[in-house]
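# Structural description and commentary
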Amino acid sequence: MKEVARAARQEQRIIGLVPTMGALHAGHMALVQRAKKECSPVYASIFLNPKQFGPNEDLSRYPRPLEADIEKLANAKVDGLFLPDIAEMYPHGFSTYVQVEGLSERLEGKSRPGHFRGVATVVLKLFEIVQPHFAYFGRKDAQQVRIIQRMAHDLNLDVEIVVCPIVRETDGLALSSRNTYLSAEERHAAMVLYRSLQAAAQELVTGVRDSLELQRTIHNVLESEPRARVDYAEIVDAETFEPVVRIGRRAYVLLAVHFGKTRLIDNLLIEPEGDDVRISL
Ligand code: AMP
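Residues numbered from 1 in each chain as written. Predicted model: local features only at pLDDT ≥ 70, side-chain atom pairs only at ≥ 80, totals over all residues. Heavy atoms only, no water.

## Thoughts on the environment of P50
Looking at the element boundaries, P50 is found in the loop between β2 (42-46) and α3 (66-75). We classify P50 as partly exposed; its relative accessible area is 22%. For the pair P50 and G16, spaced 34 residues apart in sequence, the C-alpha separation works out to 24 Å. The residues touching P50, leaving out its near neighbours within four places in the chain, are L59, I86 and Y90. (Helix = DSSP H or I, 4+ residues; strand = E, 2+ residues; numbered from the N terminus. Buried < 20%, exposed > 50% of the residue type's maximum accessible area, 1.4 Å probe, protein only. Contact = heavy atoms within 4.5 Å.)

## A short note on a nonpolar patch on the surface
Taken together, the side chains of L66, I70 and L83 define a hydrophobic patch exposed on the protein surface, amounting to about 220 Å² of accessible area. The residue L83 is located in the loop between β3 (80-82) and α4 (86-89) in this model. Among the residues examined, L83 registers a relative accessible area of 40% and is labelled partly exposed. (Patch = residues over 30% accessible without salt bridge, like charges linked within 9 Å, V, L, I, M, F, W, Y side chains within 5 Å. Areas by Shrake-Rupley, 256 points an atom, 1.4 Å probe, with all protein chains shown as cover. Salt bridge = Lys/Arg side-chain N within 4 Å of Asp/Glu carboxyl O.)

## Here we look at unusual backbone geometry
Cis rather than trans, the peptide bond between S40 and P41 has omega equal to 5 degrees. Mapped onto the secondary structure, P41 falls in the loop between α2 (26-38) and β2. Of note, the phi angle at Q12 is positive, near 65 degrees, even though the residue is not glycine. Residue Q131 is not a glycine yet carries a positive backbone phi of 45 degrees. Along the chain, the position of Q131 falls in the loop between α6 (115-130) and β4 (134-138).

## Side note on the pattern of salt bridges
The final tally for this structure, using the stated rule, is 16 salt bridges. A salt bridge links D171 to R187, with the nearest nitrogen and oxygen atoms 2.9 Å apart. Here the residue D171 occupies a position in the loop between β5 (160-164) and α8 (184-189), and R187 occupies one in helix α8, the gap between them amounting to 16 residues. With a closest N to O distance of 3.1 Å, E239 and R250 form a salt bridge. Note that E239 is positioned in the loop between β6 (228-237) and β7 (251-259) and R250 in the loop between β6 and β7, a separation of 11 residues in sequence. Look at E239 and you get partly exposed, because its relative accessible area is 34%. If you follow the salt bridges from partner to partner, you end up with R146, E239, R250, E271, E273 and R278 in one network.

## Concerning the pairing of β7
Burial of β7 is extensive: nine of the nine residues sit out of reach of the surface. Side-chain alternation along β7 places A251, V253, L255, V257 and F259 on one buried face and Y252, L254, A256 and H258 on a second face that is also buried. Bridge count for β6 against β7 is nine bridges, and the pairing is antiparallel. Residue A233 lies in a different strand from β7, and its bridge partner there is L255. Two strands pair when backbone bridges link them, and β7 and strand β8 (residues 262-273) are joined in this way by nine bridges, in the antiparallel orientation. Along β8, the bridge assignment pairs A256 with I265. The turn joining β7 and β8, which pair antiparallel and follow one another in sequence, is formed by two residues; a positive phi near 60 degrees is taken by G260. (Pairing = 2+ DSSP bridges.)

The structure is reproduced here in structure tokens:
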């Protein structure tokens, strides 16, 4: 991978990287399509990174439809797939980690201790191997992409992080490799995530800026669904991920909700523009 990418760089070509854990869906493929518009070559990586899973998380049952993934990437005409095995990424004696302080300890990081240390470490490794000019991430994992931007800035990396919109099912559920875990009943119940974000969006449009008021609305919708067990539903500053009292700057509504054994996340981006507000679901 290093040799191939180095050769492309020497030809002054613009390298794009799309890092994934596989089980590819239209959300991943939207990143690939965006990368294809802006870069050539485009490389995708599939690496189910054990270091970002906690001991009681779903690593062992995470879907691995490798053949189907390869076909999707081939159809999308990516220029290469980087598919390292675990021993290649973490050889015996591996002991160096990236810790993005502060940002990594809240929300997802609080519910999933060590998760972002695993993410930042593997992403830095991928960046070092491929040395892409552009790397593509989904806003679906808003905190993750913020942490990667922070890392890229703090460590003077020569990579631009491109954040792409959330791809959703027609009923609003954000695409996720984990959606395959849901039973029919849980899948139906999971629509409540989008409904709660829509309810918040509705209030924002009518001028509500008070976080507590928005949170009350979101909780009311989430609690109307008996199969939903809320981990967190927070409104945070889009840069610091600290809670905000009143929305005056870019902010996220962030959700993490369990449906049975499956934990799903989703979010809404709020960008105030004068008295108006731009909302991205
Ligand atoms: P994963 O394979 O879950 O690590 O995801 C790989 C990349 O795809 C990450 O940058 C995710 O944010 C992005 N991604 C996952 N689901 C979606 C989605 N529904 N819409 C847009 N991007 C997504």
